[in-house]
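Below, each chain spelled out in residue letters.
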Amino acid sequence: MALIIYFFLFSPYRWWMVINWLQVLMNSLVWGCMYLLATVGLSLTYGLSRFPNFAHAEYITFGAYMAYMFFSILGLDLYLSVGLAVLSSALLGGLSYILLFKPLKSRGASLIHLMVASIGLGLLIRHTLMQVFGGGILSFKMIWSCIFIGPVVTTPLLLTAIVTAFIVAILLHILLMKTKLGKAIRATADNPELAAASGIDMDRVSLFTWLLGAALAGFSGVFLAMRSSLVPLLGWKVLLQAFAITLLGGIGSFYGTLAASFILSLSENLGVVALTWLGLSADYRSAVAFIVLVSTLIVKPEGLISTVKRRA
Amino acid sequence: MPDPLMYALDAVAYAGIFGMLSLSLNLEYGYTNLANFGKVAFFMVGAYVAAVMARMKYPFAVYALVASLVAGFIGLLTSLPALRLREDFLAITMIALGEVMKLIVKNEEWLAGGVWGLSGIPPAVVVQGLSFRERLLVQIALIYGCLVACYVVCELIAKSPYGRVLKTIREDELLAAAYGKNVFRYKACTFALGSAVSGLAGALFAQYIGTVSPYMFEPTVTFSVWMMVILGGPANNTGAVLGAFLVEGFHRSSRLLKDYIGLPLDPINLQVMLTALLVITVVFYRPQGMLKERITPLDRGLLKKLKPMYRRVKTWVRS
């Protein structure tokens with residue numbers, strides 16, 4: 001064992017010198033921001049409505065496709081089309097809550113039935129999109145110039161994503177901590193009966209959360225699609241990571257999600273470094289999320305946030 | 001010229017394989033309330049183990065056994081962290097497992113052929129000098145033999161004291177624990193058994209199709225199986241098999257519809273959209289499925305006896 005560690009550190013092939021560690025950190029930052037936008041809605045709705053919404057992945061895809069439709073097909077202004085895409089994504093989330101999940105809950109559907117219905121809804125959305133836009137790979141046809149900051153390479157898109165995620169995080173912090181609505185959201189997630197007894201309009205709070213969550217998911221979808229390409233499985237590919245983050249951060253906790261997004265993206269990027277070092281395919285990066293998920297369930301099923309003292 | 005009889009027989013064979021998957025899910029979900037959303041992972045493991053071993057010229061009995069053992073073992077191992085927690089944690093873990101398993105199969109070319117998959121899997125029973133139709137009939141006999149065996153096993157489990165414990169766990173875990181049953185162990189065993197049956201179904205599938213590739217094992221397969229159980233009626237084995245036939249018939253007819261009516265829709269998209277709509281409708285209006293759970297006289301007598309005790313236990317636990 002000592003011999004292995006010795007060779008690992010002092011072998012003539014200095015693998016740790018070859019890797020651009022600042023770039024790894026930068027990638028983790030970018031992915032953490034994307035994950036944060038994609039996951040906040042899932043975590044909040046999971047905490048509020050008490051079931052995992054598997055259709056959340058399709059809100060991400062839907063936002064991306066709507067942006068594509070407004071920008072590339074209808075030829076609208078970029079910022080306007082992104083705004084419209086986020087709005088339509090929010091609309092989809094709100095509609096799926098009003099038309100499907102709320103009636104199901106009021107009929108007393110079990111947890112498993114809600115999950116099955118959400119998977120069904122997700123497939124319905126995905127295949128409708130595939131029918132309308134085709135199953136192939138679409139692209140926004142944008143070329144991003146590279147920006148070099150020291151040894152780190154990035155693009156304006158990724159910088160925009162980082163700035164957006166930080167603005168969103170600050171706004172969410174203000175919303176959840178400083179406003180009455182935020183207080184109501186936290187109260188409902190904490191104890192629905194008590195919240196209802198205190199005169200909180202649960203329907204309004206839930207609807208607002210679903211709208212907000214789906215809007216942010218659509219926003220992240222736009223970034224994900226502009227970064228590489230637009231495929232029908234765009235959202236499904238980050239769903240595994242989103243669930244790992246939700247469980248690691250603690251269901252329904254915004255600060256837990258914030259921390260967990262960056263923890264997961266950092267461990268994924270370090271995992272990719274380790275994978276290339278071991279000579280395995282870099283496709284296994286989603287396996288890192290699976291490992292994080294399972295170890296969370298084993299070590300701390302209630303998530304990170306219980307370690308942090310909760311403010312009242 | 002397509003042969004309509006071959007198409008029908010193919011559908012029958014498929015329904016048999018999916019009937020086994022549906023039976024195994026019924027054991028997990030219908031009787032024990034375990035949300036296995038990763039059925040396709042175990043199906044795939046069974047199919048790949050069978051494919052690898054069949055290409056090495058092992059007999060069917062050996063590779064079917066190994067396939068179900070491996071699938072059962074993976075099921076046991078991966079469900080352990082989530083079984084002590086609520087149903088949704090198991091559901092999330094299993095969905096993730098389906099993706100990770102597909103990732104492994106896609107990337108390990110030396111073992112599983114990568115994205116191209118494995119082909120040239122010999123059928124389980126080779127009889128010389130048979131026509132294509134007769135060979136299909138032999139396959140159907142094999143598949144239905146396995147299906148009947150699984151049905152009998154599931155029915156025996158459901159009627160046995162073991163099955164009653166499972167139903168108790170489904171209704172109230174606390175009650176089962178209060179009667180001294182190790183809830184965790186019952187759940188783990190049921191999960192392993194269900195996964196093993198799915199592995200067997202996978203082995204049958206691999207030798208029937210003759211080729212496996214990662215693209216056959218999309219999450220939509222899991223969804224179809226859920227659809228079968230929910231439509232047919234949870235906690236009813238006949239219902240589960242009936243559901244398999246109905247869903248397979250539905251899939252086939254939606255494909256035929258496309259060919260003969262000429263809808264401007266892609267058949268796969270149409271099929272998935274209709275299936276999703278149907279499952280949402282069933283969950284909405286008839287969550288108990290087509291065939292309700294049968295309550296045997298023994299169960300009824302037990303229920304009568306247990307109810308007062310149950311109330312006492314509950315008040316005792318609450319106080």
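Residues numbered from 1 in each chain as written. Chains lettered and ligands numbered in written order. Predicted model: local features only at pLDDT ≥ 70, side-chain atom pairs only at ≥ 80, totals over all residues. Heavy atoms only, no water.

Chemist: So what's going on with the overall build of chain B? Residues and values would help.
Modeler: A tally of regular secondary structure across chain B gives 13 helices and two strands. Relative to its length of 319 residues, chain B is compact, with a C-alpha radius of gyration of 21 Å against a globular reference of 20 Å. Counting the 319 residues in chain B, one finds 54% classified as buried. If you average the places of the 30 positive and of the 19 negative side-chain charges in chain B, the two averages end up 11 Å apart. (Helix = DSSP H or I, 4+ residues; strand = E, 2+ residues; numbered from the N terminus. Rg over C-alpha atoms; globule rule 2.2 N^0.38 Å. Buried < 20%, exposed > 50% of the residue type's maximum accessible area, 1.4 Å probe, protein only. Lys, Arg positive; Asp, Glu negative; His and termini not counted. Charge placed at Lys NZ, Arg CZ, Asp CG, Glu CD.)

Chemist: Can you tell me about the side chain of Ser 43 of chain A, naming the residues and giving the values?
Modeler: Residue and element names in this part refer to chain A. With respect to the element layout, Ser 43 can be found in helix H3 (residues 21-49). Among the polar contacts listed, one links the side chain of Ser 43 to the backbone nitrogen of Gly 252, at a separation of 3.0 Å. Once residues within four sequence positions are removed from consideration, Ser 43 is found in contact with Thr 246, Gly 250, Ile 251, Gly 252, Ser 253 and Thr 257. (Polar contact = N/O pair within 3.5 Å; in protein donor to acceptor, adjacent residues only side chain to side chain. Contact = heavy atoms within 4.5 Å.)

Chemist: Outline the environment of Gly 213 of chain A, supporting the account with residue identities and numerical values.
Modeler: Residues and elements named next belong to chain A. Mapped onto the elements of the fold, Gly 213 is located in helix H10 (residues 202-227). C-alpha separation for the pair Gly 213 and Lys 180, spaced 33 residues apart in sequence, amounts to 18 Å. Those residues in contact with Gly 213, other than ones at most four positions away along the chain, are Gly 41 and His 56.

Chemist: Could you give an account of empty space enclosed by the protein, naming the residues involved and the relevant values?
Modeler: Rolled over the atoms, a probe with the dimensions of a water molecule shows which regions are left empty. Applying the stated rule across the entire model yields two cavities of 30 Å³ or more. Around the largest cavity, the lining is made up of 23 residues, and of these Ile 119 and Trp 236 of chain A together with Phe 37, Ile 95 and Pro 219 of chain B lie nearest the centre. For the lining of the largest cavity, the elements supplying multiple residues, two or more each, are helix H6 (111-133) of chain A together with helix H4 (87-107) and helix H10 (219-232) of chain B. A volume near 40 Å³ is recorded for the second largest cavity. Residue lining of the second largest cavity: Phe 54, Leu 239, Leu 240 and Phe 243 of chain A together with Ile 92, Ile 95 and Ala 96 of chain B, and that is the complete set. Looking at the lining of the second largest cavity, the elements that each hand over two or more residues are helix H11 (234-249) of chain A together with H4 of chain B. (1 Å grid on protein atoms, 1.4 Å probe; cavity = no way out; pocket = protein on both sides within 12 Å on 5 of 7 lines; lining within 4 Å. Points joined across faces, edges and corners; volume = space filled by probe spheres on them.)

Chemist: An account of the interface of chain A and chain B is needed here, citing residue identities and associated values.
Modeler: Opposite the 40 residues of chain A that make contact, chain B presents 43 residues. For the pair chain A and chain B, the summed buried surface comes to about 3,800 Å²; carbon and sulfur atoms form 78% of the total. On the surface where chain A and chain B come into contact, there are zero salt bridges. At the boundary of chain A and chain B, one finds seven residue pairs in polar contact (both at pLDDT 80 or more). Within the residue set of the side of chain A that touches chain B, elements represented by two or more residues are helix H5 (78-106), H6, H11 and helix H13 (285-299) of chain A. (Buried area = accessible area lost by both parts, 1.4 Å probe. Salt bridge = Lys/Arg side-chain N within 4 Å of Asp/Glu carboxyl O.)

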